[in-house]
There are 2 protein chains.
Amino acid sequence: MPANIESRRPTPPNVTEAELDRALAAFAAAIGADKVSTDPEVLKDFQDPYQVPGSATNLASGVVSPTTVEDVQAIVRLANEHRIPLWPISRGKNNGYGGAAPQVRGAVMLSLKDMNKVLEIDEELGYAIVEPGVSWFDLHDAIEAGGHNLVASIVDIGWGGVVSNTLEHGLTYMPYSIDQASHCGFEVVLPSGDLLRTGSGAMDNNPTWPLYKRGLGPTSSELFMQSNLGIVTKMGYWLMPKPEVYMPLWLQLWDDSQMPAVVDALRELMLDGTIDMRPQLSNTLCMASMLTARSDWYDGVGPVPEEIIDKIAKELGLGRWMMRFALYGDEAIVDHNFAKLKKRFESIPTVGVFGEKHGADEWETLPNPHERVQIGVPSLDLYKMAGWSGGDEGGHVDFSPVIPLTAKHAKAAQDLFKSMCTDAGLDYLGGMLPINARATTFINVIPFDTKNPEQVRTAYDHAKRMVAQAGKLGYGEYRAHLSFMDLAADQFGFNDHAQGRFNETLKDTLDPNGIIAPGKSGIWGSRMRQAGYPQR
Amino acid sequence: MPANIESRRPTPPNVTEAELDRALAAFAAAIGADKVSTDPEVLKDFQDPYQVPGSATNLASGVVSPTTVEDVQAIVRLANEHRIPLWPISRGKNNGYGGAAPQVRGAVMLSLKDMNKVLEIDEELGYAIVEPGVSWFDLHDAIEAGGHNLVASIVDIGWGGVVSNTLEHGLTYMPYSIDQASHCGFEVVLPSGDLLRTGSGAMDNNPTWPLYKRGLGPTSSELFMQSNLGIVTKMGYWLMPKPEVYMPLWLQLWDDSQMPAVVDALRELMLDGTIDMRPQLSNTLCMASMLTARSDWYDGVGPVPEEIIDKIAKELGLGRWMMRFALYGDEAIVDHNFAKLKKRFESIPTVGVFGEKHGADEWETLPNPHERVQIGVPSLDLYKMAGWSGGDEGGHVDFSPVIPLTAKHAKAAQDLFKSMCTDAGLDYLGGMLPINARATTFINVIPFDTKNPEQVRTAYDHAKRMVAQAGKLGYGEYRAHLSFMDLAADQFGFNDHAQGRFNETLKDTLDPNGIIAPGKSGIWGSRMRQAGYPQR
């Protein structure tokens, strides 16, 4: 690639500026000129927000913002005709994994943020049907406005999208979040522009579309998650009846070496149903990064020393590990389960568990945003993590393999990741967010100062080394940063990368022109591979 | 088709006897002559057990019985070379849906029943990895033999296969059966003979293969369920830690008109987690068919009259509807939930709820087989249903659409199906088996005397009419009888059968020779369509 490419207008592979302009004009003619933009100020939003400024080559050439399913179909058909790769995003807030940037230089962003209607909320059956631009705030507000006796399981930061978070295997925390299984039924625009409904929705007027995940024959829903095989335009999302009691809980562990014992106790209590939601277990620095900045504690080079971590743990009252979790249900059951889990956890040295019960009238106004999140009340209050290094210009990349929820694996993963952070001179911000009673993501948040290009490069290089090193232990990422999706996908090497070959076969069949999100999850398709992608 | 075809040796479409013999010889050379059979006595097992004797044209030409994954791969590769359709079965006990018969005349049965090893049981993480020939008896016995503190959610009749039941979206009853979600990770022989592992198994040595259902990128597991896109050769299956208390429960309803009110109460109690398993709600005749024969009560023509049904309900102590269900967990929680559900259900006129708690030492020897099934103890004691009409030579076809779990839909479905049964002169054996808190299968068991060809034909024709009629209401089958899979698939007509077109595209891509189970779930592929299938 020539050295001066960044100063040139981005165009897609093998597409001239004139051809790109014809495509953009065709998009505008099909869905309206006001829905198509090439304004450089607008396009700035579609970059990795945390990379070294000016270093990116994966720049978008335009953005189209459909408002209807028919718009999306029209754009996809035209993109095929003009060979323009589209990069669909809904809210584009996935900052720790590369933000709203496309993989392929010159791609046109397909922004779904204006398709933001909550189409239906059914209180009797507990579900919503939402469009891809609906944020957690939007869904919460629609439930409130309808006066429904329902709550939605949400993420930590309310500006993200319900559909996009679900499609990316993202985390939420309430009981329905177990196994990331609260979606039911997709409507999908296929790369051909054809429209598919998955599960029971494959039948006209089937009332079980948002109720039963399957139909007759193979179920294709999960083919469209972390995927570039189609664009999801509607999704069913299950909502939980308000429980009688919600009890947010905190566990503190003061002796770092007892972390594995906590993991074993947690698995037992999740397997037997005592804890039926997704806890968030964070080490001192991970918790502290949500409350303070690194510079409040230490301004030396290299990782924050152990004695400072101890100091932070004590002064902020965190412990060396802290677990955020909760109970939901009838008061008698919550009381029983609380007594049981408190006894079990507190049998581990230096562990304390505490929390208070709350009725529905208190949930919206709980002072601690962590406690609001776990009962479905969204906010932006937990965004501060990114400011650990570099304040307002701090950034982070996240690396998040999945490991068995056992003491043995938690210890092995922590030993590896902590020593790799130390070797790289980086702070170790670790956390576990169990997916179910058996497996957990082991999140590594790698913070840096975006004003310091050397630190940014160190962090990204470090994350890549961790992906490869974890792969050797058999730990795969549950979600990959845009900058190392190919590397993360390469770790899935069973039978000479059978999964990758299978995905490429589907890609070439369903999207022969390689129009939809080429490179997503390491899946490129033949046309883009012939055009020289991936560029390593 | 010539009238005398049935007396000729079955051969696959466009394959001569000589070509078939060459293929069978190649199979024998590859995996051993003892694993290939064309013995007519052996092949008799691969027919719909309940159809009019001698009426079937969909006869198998041979059976191959691999014992290893490599055997399966070899057979699939040879089948491609020789253009021989294979019909995979594991236990072949799916009698109400057509048994072990193939769709295409002359297909070679790929019997997986000799791949019957429980490969692993992990007590700490609560899972088994099983081969496709493992029966419910085998799994139960392996858990017992290992002395594990685990129970498996099972079906009513223990001879069926764990893998095949799961792949067919089959029912089990314990908490993990909700959403048919207790499988985790497949190993699949693709139609090319290539080997794929889904979810985390796509990474070599990934310990979360049986723990976390996804990997990185799209998840293909459910593409291989009710499917002819591959042959599942290994499966992870989650096992539940033994609860402190198991409490089998019975609900009786004496006023038929209150059934919808019971459905609404059931949904409420499932949505709020009080009932966390899959109940079985059966009408009088459905329950009676498991205990007695029709001729014990009535020998008239046409449906059993209402007054006789009342008599059966009273004399057998069943009620007009009876629900089998259970609670599991800590004794304090079971007590709380029992009191709550009893109060709620008994607020409905003529409803009674009763049951008793049992500790683990009692489960294996509970006298009632229904109560053993719900705690994972398999038997053949519940096989008698098939004997309602015709005794030892009785048969049944099952029709089982999915409807929302609401009073309104339960009443609409019952009104339709009951009147259709009455019009056809058939008994109405109905039942509901909720899939989750929001949707339920509405099973119609259509019993007949296999010695009476007219009655058999009437029953099959009736079932087909019900499929089409239910489709008009937007109710699709969760599972289709072999004899009307095409019709059931045709009901899924959204956007000019987008789902069917999508499935055919995948089939043609992954299985261009149409080797694996052509016609399964109405998916044929171009080669078989060109050969004249489906034959309507």
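Bear in mind that the values here come from a model prediction, so they are computed numbers and not experimental data.

Re the sheet that holds strand 10 (residues 231-238) of chain A
Residues and elements named next belong to chain A.
- Ordered in space as 5-6-10-8-9, the five strands form an open sheet in which the pairing is antiparallel. Of all the strands in the sheet, the pair left with one neighbour each is strand 5 (118-122) and strand 9 (195-197). The mean inter-strand angle of the sheet, taken between neighbouring strand axes irrespective of direction, is 10 degrees.
- Bridge analysis of strand 8 (residues 183-189) against strand 10 gives five bridges, and the strand direction is antiparallel. For glutamate 187, the partnering residue across the bridge sits in strand 10 and is lysine 234.

Describing the pattern of salt bridges
- For the structure shown, the criterion picks out 58 salt bridges over all chains.
- Of the charged contacts in the structure, one is a salt bridge between arginine 197 of chain B and glutamate 187 of chain B, with a shortest N-O distance of 2.9 Å. Of this pair, arginine 197 of chain B sits in strand 9 (residues 195-197) while glutamate 187 of chain B sits in strand 8 (residues 183-189), and the two are 10 residues apart along the sequence. Residues arginine 197 of chain B and glutamate 187 of chain B agree in their burial class; the two are buried.
- Between lysine 357 of chain B and aspartate 335 of chain B there is a salt bridge; the shortest N-O distance is 2.8 Å. With a gap of 22 residues between them, lysine 357 of chain B in the loop between strand 15 (351-355) and helix 10 (360-363) and aspartate 335 of chain B in helix 9 (residues 331-345) connect regions that are remote in the sequence.
- Residues participating in the shared-partner salt-bridge network are Asp256, Glu306, Asp310, Arg320 and Lys418 of chain A.

As for the interface of chain B and chain A
- Contacts between the two partners involve 91 residues from chain B and, on the opposite side, 91 residues from chain A.
- When chain B packs against chain A, the two sides together hide about 7500 Å² of surface, and 61% of this comes from carbon and sulfur.
- At the junction of chain B with chain A, the criterion picks out eight salt bridges.
- The closest approach of N and O atoms between arginine 267 of chain A and glutamate 124 of chain B, which form a salt bridge, is 3.6 Å.
- Taken together, chain B and chain A are joined by 39 residue pairs in polar contact (both at pLDDT 80 or more).
- Elements represented by at least two residues in the side of chain B that touches chain A include exactly strand 9, helix 6 (259-271), helix 9, strand 17 (402-404), helix 14 (485-490) and helix 15 (494-510) of chain B.
- Tallying contributions element by element places helix 15 of chain B first for the side of chain B that touches chain A, with 11 residues.
- The class makeup of the residues in the side of chain B that touches chain A is 42 nonpolar, 33 polar and 16 charged.

Some words on the sheet that holds strand 3 (residues 86-89) of chain A
Residue and element names in this part refer to chain A.
- Reading across the sheet, the four strands line up as 1-2-4-3 and stay open at both edges, with mixed pairing between neighbours. Whereas interior strands pair on both sides, the edge strands pair on one side only; in this sheet they are strand 1 (36-37) and strand 3.
- With two bridges connecting them, strand 1 and strand 2 (residues 62-64) associate as antiparallel partners. Residue pairing across strands places valine 36 opposite valine 64, the latter belonging to strand 2.

Describing the side chain of serine 200 of chain A
- Note on placement: serine 200 of chain A falls in the loop between strand 9 and strand 10.
- Side-chain polar atoms of serine 200 of chain A contact the backbone oxygen of tyrosine 212 of chain A, separated by 3.3 Å.
- Polar contacts involving the side chain of serine 200 of chain A include one to the main-chain carbonyl oxygen of arginine 214 of chain A, which spans 2.9 Å.
- Beyond its immediate chain neighbours, meaning those up to four positions away, serine 200 of chain A contacts Asn206, Thr208, Trp209, Tyr212, Arg214 and Gly215 of chain A together with Phe492 of chain B.

Here's the deal with the relation of the copies chain B and chain A
- With an RMSD of 0.0 Å, the operation that places chain B on chain A is a rotation of 180 degrees combined with a shift of 0.0 Å along the axis. Within this description, the copies of the chain are treated as partners about a two-fold rotation axis. Minimal C-alpha separation from the rotation axis in chain B is found for isoleucine 333 of chain B, amounting to 3.0 Å.
- Comparing interface residues between copies, 100% of those in chain B also sit at the interface in chain A, which points to an isologous, same-surface contact.

A word on the domain arrangement of chain A
Residue and element names in this part refer to chain A.
- The domain architecture assigned to chain A consists of domain 1 (5-111), domain 2 (118-241), domain 3 (245-486) and domain 4 (487-530).
- Placing a centre on the C-alpha atoms of domain 2 and another on those of domain 3 gives a separation of 27 Å.
- Listed as interface residues are 27 residues of domain 2 and, on the opposing side, 24 residues of domain 3.
- Each partner contributes to the roughly 2300 Å² buried at the junction of domain 2 and domain 3, and carbon and sulfur atoms together form 63% of this total.
- Broken down residue by residue, the surface that domain 2 buries against domain 3 is led by Asp156, Leu171 and Tyr173, which jointly contribute 26%.
- On the surface where domain 2 and domain 3 come into contact, there are one salt bridge.
- Put simply, aspartate 156 and arginine 324 hold a salt bridge, and the shortest N to O gap is 2.7 Å.
- Joining domain 2 to domain 3, the criterion identifies 10 residue pairs in polar contact (both at pLDDT 80 or more).

Some words on the packing of helix 1 (residues 17-31) of chain B against helix 3 (residues 69-82) of chain B
Residue and element names in this part refer to chain B.
- Relative to each other, helix 1 and helix 3 sit at 160 degrees, their axes nearing to 10 Å. When the interaxial angle is binned, helix 1 and helix 3 end up roughly antiparallel. Remark: the crossing between helix 1 and helix 3 carries right-handed chirality. Of the residues in helix 3, those touching helix 1 at Glu19, Arg22, Ala23, Ala26, Phe27, Ala30 and Ile31 are Asp71, Ala74, Ile75, Leu78, Ala79 and His82.
- By residue class, the composition of the contact of helix 1 with helix 3 is nine nonpolar, one polar and three charged.

Calculation rules
Residues numbered from 1 in each chain as written. Chains lettered and ligands numbered in written order. Predicted model: local features only at pLDDT ≥ 70, side-chain atom pairs only at ≥ 80, totals over all residues. Heavy atoms only, no water. Pairing = 2+ DSSP bridges. Helix = DSSP H or I, 4+ residues; strand = E, 2+ residues; numbered from the N terminus. Axes fitted to C-alpha atoms, helices over the stretch in contact; angles between N-to-C directions. Salt bridge = Lys/Arg side-chain N within 4 Å of Asp/Glu carboxyl O. Buried < 20%, exposed > 50% of the residue type's maximum accessible area, 1.4 Å probe, protein only. Contact = heavy atoms within 4.5 Å. Buried area = accessible area lost by both parts, 1.4 Å probe. Polar contact = N/O pair within 3.5 Å; in protein donor to acceptor, adjacent residues only side chain to side chain. Nonpolar A, V, L, I, M, F, W, Y, C, P; charged D, E, K, R; others polar. Least-squares fit on C-alpha atoms with pLDDT ≥ 70 in both. Domains from an automatic or database assignment. Parallel < 35°, antiparallel > 145°, perpendicular 65-115°, else oblique. Left-handed = near helix turned anticlockwise from the far one by under 90°.

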